Amino acid sequence: MTDASDIPVRVRAEIAALPPYRQGRQAGADAYKLSSNENPFDPLPGVVEVLRESVGVNRYPDAAATLLRQRLAARYDVDVSRVHIGAGSVSILAQLVQAVSTPGDEVVYAWRSFEAYPWLTVLAGATGVQVPLTRDARHDLDAMAAAVTDRTRAVIVCSPNNPTGPVVSQAEFDAFVARMPADLLIILDEAYAEFVTDPDAVDGTRILAAEQPNVVVLRTFSKAFGLAGLRVGYALGHPRVLDAARSTAIPLSVTGQSEVAAIASLQLEDELRERVGVIAERRDRLAAALRETGWRVPQAQGNFVWLPAGEASMTIATAFEDAGLIVRPFDGDGIRISVGEEESVEKVLHVAASVVRDLPPEHPGVRASVGT
Ligand SMILES: *Cc1c(COP(=O)(O)O)cnc(C)c1O
């Protein structure tokens, strides 16, 4: 907590109270960075090529990112007006929350989920309503539905859930949307959609055909497409809802470089999908082996796994760091480990096996504690 009296100018009290943003630790040369869910593969040569060729940084980019919107519209067989591009899907999330809420309004989301949700809500002046995950780290959609009041302006559903990993099923999602007021914005955050292998998982692109105009789907080039450093993501949804997001956007924040790299990535989608397949297979292997060591790992459908380390999270994260593995601990809750280079897998398993032995058998992160 920051003390507002330290700030030399007047700052909104709720902003002063926010903890300063801290990024997942940068890894030293000999460490594996498994803390930010990035893609461990280098960019494809075809993507590097267009970046090298793209010149003209003295000119502003196309504010509407028209070419990329057209490609995505063709990709999903929808009108261009149903696609919106942002400098990372986080910025679109911020736009949407800002577009719908005023002070006193509420935004409902699961917790623990993506770290950006609480502060984006605060920035918009709204109040976050956090609905605890179930014991197996899934969204509790019944409880989320029950948390919706006439003050609620948005519900955020994150599938697969960052940082815990499970998906929401299509059936659960459709039932949830059907129960919600028709004028309530439902944001389906699918930053990890490309890694999903569960056939029952929700697929946001299906809503484009369904009668769900209050649902907006968020996807990104940061994770599966490996362009985290370029900042480009997109939303699919009703044109008028996306117009509202566009109205709150900081103009020209999507650069020409990110646009050409995203277009090149779409052209190389088959190659990228192969890499995604490699990561998904590595993830399944890692999650299964972690369960073997005794950890109770929830369903892992993103490019990361979750260790419910609870109170031991910070201590255990230090053990990983000492072994050259930068992981992402959430104090009191658990540790998220991104699926990285193949060589990191054995190292992760080695540390995970040694630290789980030190946990008491009744610890909720230990499989024996729940008999699963
Ligand atoms: C990484 C992530 C995003 C998006 O990141 P951008 O780089 O801004 O596109 C959005 N939601 C979740 C849950 C994420 O983990």
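Residues numbered from 1 in each chain as written. Predicted model: local features only at pLDDT ≥ 70, side-chain atom pairs only at ≥ 80, totals over all residues. Heavy atoms only, no water.

A. Looking closely at the pairing of strand β8 (residues 233–236). By the alternation rule, side chains of β8 split into G233 and A235 and Y234 and L236, which are all buried. Sheet topology places strand β2 (residues 83–86) next to β8; four bridges connect them, and they run antiparallel. Considered in β8, the bridge of V83 is made with L236. (Buried < 20%, exposed > 50% of the residue type's maximum accessible area, 1.4 Å probe, protein only. Helix = DSSP H or I, 4+ residues; strand = E, 2+ residues; numbered from the N terminus. Pairing = 2+ DSSP bridges.)

B. Highlighting helix α7 (residues 170–179). Burial in α7 covers these residues: Q170, F173, F176 and V177. Along α7, the residues classed as buried sweep out an arc of 130° about the axis, all on the same side. α7 presents A171, A178 and R179 as exposed residues on the side facing more than 90 degrees away from its buried surface. (Arc of directions from axis to C-beta.)

C. Expanded view of the domain arrangement of the protein. As far as domains go, the protein holds domain 1 (23–42 + 270–370) and domain 2 (47–266). Between the C-alpha centres of domain 1 and domain 2 the distance comes to 25 Å. Across the boundary between the two partners, domain 1 contributes 25 residues, which contact 27 residues of domain 2. Contact between domain 1 and domain 2 buries roughly 2300 Å² in total, counting both sides, with carbon and sulfur atoms accounting for 51%. Across the domain 1-domain 2 interface, the total number found is two salt bridges. Residues R112 and D333 are paired through a salt bridge, measuring 2.6 Å at the closest nitrogen-oxygen approach. Linking domain 1 to domain 2 there are 14 residue pairs in polar contact (both at pLDDT 80 or more). For the side of domain 1 that touches domain 2, the leading source of residues is helix α10 (residues 269–293), giving six residues. For the side of domain 1 that touches domain 2, the class distribution of residues is ten nonpolar, seven polar and eight charged. (Domains from an automatic or database assignment. Contact = heavy atoms within 4.5 Å. Buried area = accessible area lost by both parts, 1.4 Å probe. Salt bridge = Lys/Arg side-chain N within 4 Å of Asp/Glu carboxyl O. Polar contact = N/O pair within 3.5 Å; in protein donor to acceptor, adjacent residues only side chain to side chain. Nonpolar A, V, L, I, M, F, W, Y, C, P; charged D, E, K, R; others polar.)

D. Local environment of the side chain of R296. Within the secondary structure, R296 sits in the loop between α10 and β9 (304–307). For R296, which is buried and forms no salt bridge, the nearest opposite charge comes from D136, at a distance of 6.8 Å. Within polar-contact distance, the side chain of R296 engages the backbone oxygen of P364 at 2.8 Å. (Lys, Arg positive; Asp, Glu negative; His and termini not counted.)

E. Inspection of the packing of helix α2 (residues 45–53) against helix α9 (residues 256–267) at higher detail. At their nearest, the axes of α2 and α9 sit 9 Å apart, and the two run at 150° to each other. As judged from the angle between their axes, α2 and α9 are roughly antiparallel. The crossing of α2 and α9 is right-handed. Along its contact with α2, which presents G46, V47, V50 and L51, the element α9 presents Q257, V260, A261, A264 and S265. (Axes fitted to C-alpha atoms, helices over the stretch in contact; angles between N-to-C directions. Parallel < 35°, antiparallel > 145°, perpendicular 65-115°, else oblique. Left-handed = near helix turned anticlockwise from the far one by under 90°.)

F. Seen up close, the sheet that holds strand β12 (residues 334–338). Taken in spatial order, the three strands line up as β9-β12-β11 in an open sheet, and their pairing is antiparallel. Each having just a single partner strand, β9 and β11 (328–330) make up the two edges of the open sheet. If you compare each strand with its neighbour and ignore which way they point, the axes differ by 20° on average. Strand direction decides the pairing type here: β11 and β12, joined by three bridges, are antiparallel. When the bridges of β12 are listed, R328 appears paired with R336.

G. Main features of the site of the ligand. Neighbouring residues of the ligand: 13 residues in total, closest Y192, T220, S222, K223 and R231. At 3.1 Å, a backbone N or O of V90 approaches an oxygen atom of the ligand. Separating an oxygen atom of the ligand from a side-chain N or O atom of S222 is a distance of 2.5 Å. (Near = heavy atom within 4 Å.)

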